[in-house]
Amino acid sequence: MGQGKGYISPQQFDRLTERLISRLRVARPPVPVESIANHLGLTVEYTDLGRGVSGLLVASATGGTIGVNRRHHRVRQRFSIAHEIGHFKLHADAAENLFIDKEYVLFRDDRASRGEIRHEIQANMFAASLLMPAPLLRLSIEEGHVDLGDDHQVNELANEFQVSLAAMAYRIMRLFR
């Protein structure tokens, strides 16, 4: 934990998340993100977090709790859980930490100068890598003979992995550019 101080390459995210899913022997999508959280000592609670909050993490050296907005769509909840796992693996240290993730950051503010924006970007990249691991995504594309230029087929892939179409499109763009 506490590795989020500098640049983390996409390959490092992939290695980190692939180790997590291999421990649970995940061979097919969707990735059981709640089981991964539990494996790491995190409990997941669905609650009303208000309109602007997707998820939160209260973490300590021994584990913590992920709060997920129960009003959000299931694919959004899955991404929020994966995002909070990212904060736990990348940014939490031995001291108690609280991460509150709002739905949208509309402008740059003093949070950027404190590195909070970088932490959010890293947690998003971690979440995408965890929910759509490169080996499972490549296998699904090859087995299904998916044409990445066909929006309908990409949407089916998103459904298979239980992620949003936007998340799938972004992950494909990063992996296959």
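Conventions we followed
- Once a new chain begins, its residue numbering starts again from 1 and follows that chain's sequence as written.
- Two thresholds apply to this predicted model, a pLDDT of at least 70 for residue-level local features and 80 or more for giving and counting side-chain atom pairs, whereas whole-chain, interface and lining totals are computed over all residues.
- Note that water and hydrogens are dropped before the side-chain values are worked out from all heavy atoms of the structure.
- Segments assigned H or I by DSSP are reported as helices when at least four residues long, segments assigned E as strands when at least two residues long, and all are numbered from the N terminus.
- The contact definition used throughout considers only heavy atoms, calling two residues in contact when any of these lie within 4.5 Å.
- Between N or O atoms, a polar contact is any pair within 3.5 Å; within protein, one atom must be a potential hydrogen donor and the other a potential acceptor, and residues adjacent in sequence are included only when both atoms are from side chains.
- Accessible area is worked out with a 1.4 Å probe on protein chains only. A residue is then buried under 20% of its type maximum, exposed over 50%, and partly exposed in between.
- We treat two strands as partners when DSSP finds at least two bridges between them.
- In plain words, nonpolar cores are sets of buried Ala, Val, Leu, Ile, Met, Phe, Trp, Tyr and Cys residues tied together by side-chain atoms within 4.5 Å.
- Salt bridges are identified by distance alone: a Lys or Arg side-chain nitrogen within 4 Å of an Asp or Glu carboxyl oxygen.

Undergrad: How do you make sense of the environment of Asn 69 when you look at a structure like this?
TA: Counting through the fold element by element, Asn 69 comes out in strand E3 (residues 63-69). Aside from chain neighbours lying at most four places away, what touches Asn 69 is Thr 47, Asp 48, Leu 49, Gly 50, Val 53, Ser 54 and Gln 77. In this structure the side chain of Asn 69 is engaged in a polar contact, spanning 2.7 Å, whose partner is the backbone oxygen of Gly 50.

Undergrad: Just to check I follow, could you spell out the pairing of strand E2 (residues 53-60) for this structure?
TA: For a regular strand, side-chain orientation follows a simple rule: the groups alternate between the two sheet faces. The buried fraction of E2 is high, at six of eight residues. Where E2 lies against E3, six bridges are found, and the strand directions are antiparallel. Looking across to E3, one finds that Leu 56 is bridged to Gly 67. Where E2 folds back on E3, the antiparallel hairpin that results is connected by two residues.

Undergrad: Would you mind going over the nonpolar core with me for this structure?
TA: The nonpolar side chains of soluble globular proteins are, as a tendency, buried together. Of all hydrophobic cores here, the largest spans 46 residues; its most connected members are Ile 66, Ile 85, Leu 130 and Met 168. Among all residues touching Leu 130, those that are not within four sequence positions of it are Thr 17, Leu 20, Ile 21, Val 31, Val 33, Ile 36, Ala 82 and Ile 85.

Undergrad: Looking at this model, I keep getting lost on the pattern of salt bridges. Mind explaining?
TA: Oppositely charged side chains can pair when the atoms bearing their charge come close. Considering all chains together, one arrives at four salt bridges under this definition. Between Glu 143 and Arg 28 there is a salt bridge whose closest N-O contact spans 2.9 Å. Of this pair, Glu 143 sits in helix H6 (residues 134-144) while Arg 28 is found in the loop between helix H1 (10-23) and helix H2 (33-39), placing the two residues 115 residues apart along the sequence. According to the relative accessible area criterion, Glu 143 is partly exposed, its value standing at 45%. Residue classification places Arg 28 among the partly exposed residues on the basis of a relative accessible area of 45%.

Undergrad: I would appreciate a short explanation of the side chain of Gln 122 in the present structure.
TA: Looking at where Gln 122 falls in the secondary structure, it is placed in helix H5 (residues 116-131). A residue is classified by how much of its surface remains accessible, and Gln 122, at 4% relative accessible area, is buried. Only 2.7 Å separates the side chain of Gln 122 from the side chain of His 91, close enough to count as a polar contact.

Spatial relationships are all this shows, so hold off on functional conclusions.
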